[in-house]
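Listed below are the residues making up each chain.
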Amino acid sequence: MPRTLYDNNGWKILLEESLLPDGRKAQCTRVHRSDAVHVLAFPSSETILLLREYRAFHREWRWMLPSGLADKEHDIAVAAQRELQEETGYRAKMLRHYFSTQNSEHIVMTNHIFIASDLESDPLEQDEHELIEVHEVPIKEAVHWVSENRYEKHTPSAYALLRYGAEHGLLA
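The paragraphs below set out a description of the structure included in this document. Please read these numbers as outputs of a predicted model, since none were measured by experiment.

### Considering the pairing of strand 1 (residues 3–8)
Looking at chain direction, strand 1 and strand 2 (residues 11–19) are connected through five bridges and run antiparallel. Residue T4 lies in a different strand from strand 2, and its bridge partner there is L14. Linking two consecutive strands that pair antiparallel, namely strand 1 and strand 2, is a turn of two residues; a positive phi of about 50° is found at N9 within it.

Spelled out as structure tokens, the structure:
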């Protein structure tokens, strides 16, 4: 039975046990958090929307995909659409789940990556604590930026762009 060490503001830290194949028990502290959504949003077949967002606790601007927590909805596609609208001002007529990934065995949350196309203007109000610039960038350039470490503090953006680039022959 897991032991709760902390439970507040959408974060839960548990001391958990699991069995190894040989019958021994492994024990570790695991952080549980709401899943996140990240959107590869294509205004055209050649360009992608990227955010340049000021991250207050890093005290600097960061490049990233439109992203956020799926903490207001049970449906991750609805969360992806909401984040896209809040952060870019666009709604996707075509939105499809691309893949999901987890960061670590010790951080229990899933990153769900979506592909959005056929975009139309339909903004929602941004969260008051966010400072965001939206940039339309050639997809080849956005993929190349992974090698320049421009997404260093936003690993899901780097991984999503790298995977997309590899699958679409954009890695040079």
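Next comes the rest of the account.
### Side note on the packing of helix 2 (residues 139–147) against helix 3 (residues 155–167)
At their nearest, the axes of helix 2 and helix 3 sit 9 Å apart, and the two run at 120° to each other. Relative to helix 3, the element helix 2 is oriented oblique. Where helix 2 crosses over helix 3, the two elements pack in a sense that is left-handed. In this structure, helix 2 contributes I139, A142, V143 and V146 to the contact, and helix 3 contributes A158, L161, L162, Y164 and G165.

### Regarding the layout of surface pockets
Gaps between atoms show up when a probe of the same size as a water molecule is rolled over them. Estimates place the volume of the largest pocket at around 1,000 Å³. In terms of lining residues, the largest pocket is bounded by 33 residues, among which R33, R55, G68, L69 and H129 are the most central. Those elements that provide at least two residues to the lining of the largest pocket are strand 4 (36–44), strand 5 (47–55), strand 6 (60–64), strand 7 (67–69) and helix 1 (76–88). Classifying every residue of the lining of the largest pocket by side-chain character gives 13 nonpolar, eight polar and twelve charged. Here the second largest pocket is characterised by a volume of approximately 160 Å³.

### Considerations on the packing of aromatic side chains
Inspection of every chain in the model, using the stated rule, returns six aromatic pairs. When the centroid spacing of 5.1 Å and the interplanar angle of 35° are considered together, the rings of F42 and Y164 count as tilted. In this pair, F42 sits in strand 4 while Y164 sits in helix 3, placing the two residues 122 residues apart along the sequence. Of the two residues, F42 and Y164, both sit in the buried class. Seen from their ring centres, Y98 and F99 are 5.0 Å apart, and the 65° between their planes marks the pair as edge-to-face.

### Digging into the nonpolar core
Core analysis: the biggest nonpolar cluster contains 22 residues, and L40, I48, L50, I139, Y151, L161 and Y164 have the highest contact counts within it. Of all the secondary-structure elements, those providing two or more residues to this core are strand 4, strand 5, strand 8 (90–102), strand 10 (110–121), helix 2 and helix 3. Top element by residues in this core is helix 2. It accounts for five residues. Ignoring sequence-local partners within four residues, the contact set of Y164 consists of L40, F42, Y98, I115, I139 and L170.

Cut-offs and rules
- Residues numbered from 1 in each chain as written.
- Predicted model: local features only at pLDDT ≥ 70, side-chain atom pairs only at ≥ 80, totals over all residues.
- Heavy atoms only, no water.
- Pairing = 2+ DSSP bridges.
- Helix = DSSP H or I, 4+ residues; strand = E, 2+ residues; numbered from the N terminus.
- Axes fitted to C-alpha atoms, helices over the stretch in contact; angles between N-to-C directions.
- Parallel < 35°, antiparallel > 145°, perpendicular 65-115°, else oblique.
- Left-handed = near helix turned anticlockwise from the far one by under 90°.
- Contact = heavy atoms within 4.5 Å.
- 1 Å grid on protein atoms, 1.4 Å probe; cavity = no way out; pocket = protein on both sides within 12 Å on 5 of 7 lines; lining within 4 Å.
- Points joined across faces, edges and corners; volume = space filled by probe spheres on them.
- Nonpolar A, V, L, I, M, F, W, Y, C, P; charged D, E, K, R; others polar.
- Phe/Tyr/Trp six-rings, centres within 6.5 Å; stacked < 30°, edge-to-face > 60°.
- Buried < 20%, exposed > 50% of the residue type's maximum accessible area, 1.4 Å probe, protein only.
- Core = buried A, V, L, I, M, F, W, Y, C linked by side-chain atoms within 4.5 Å.

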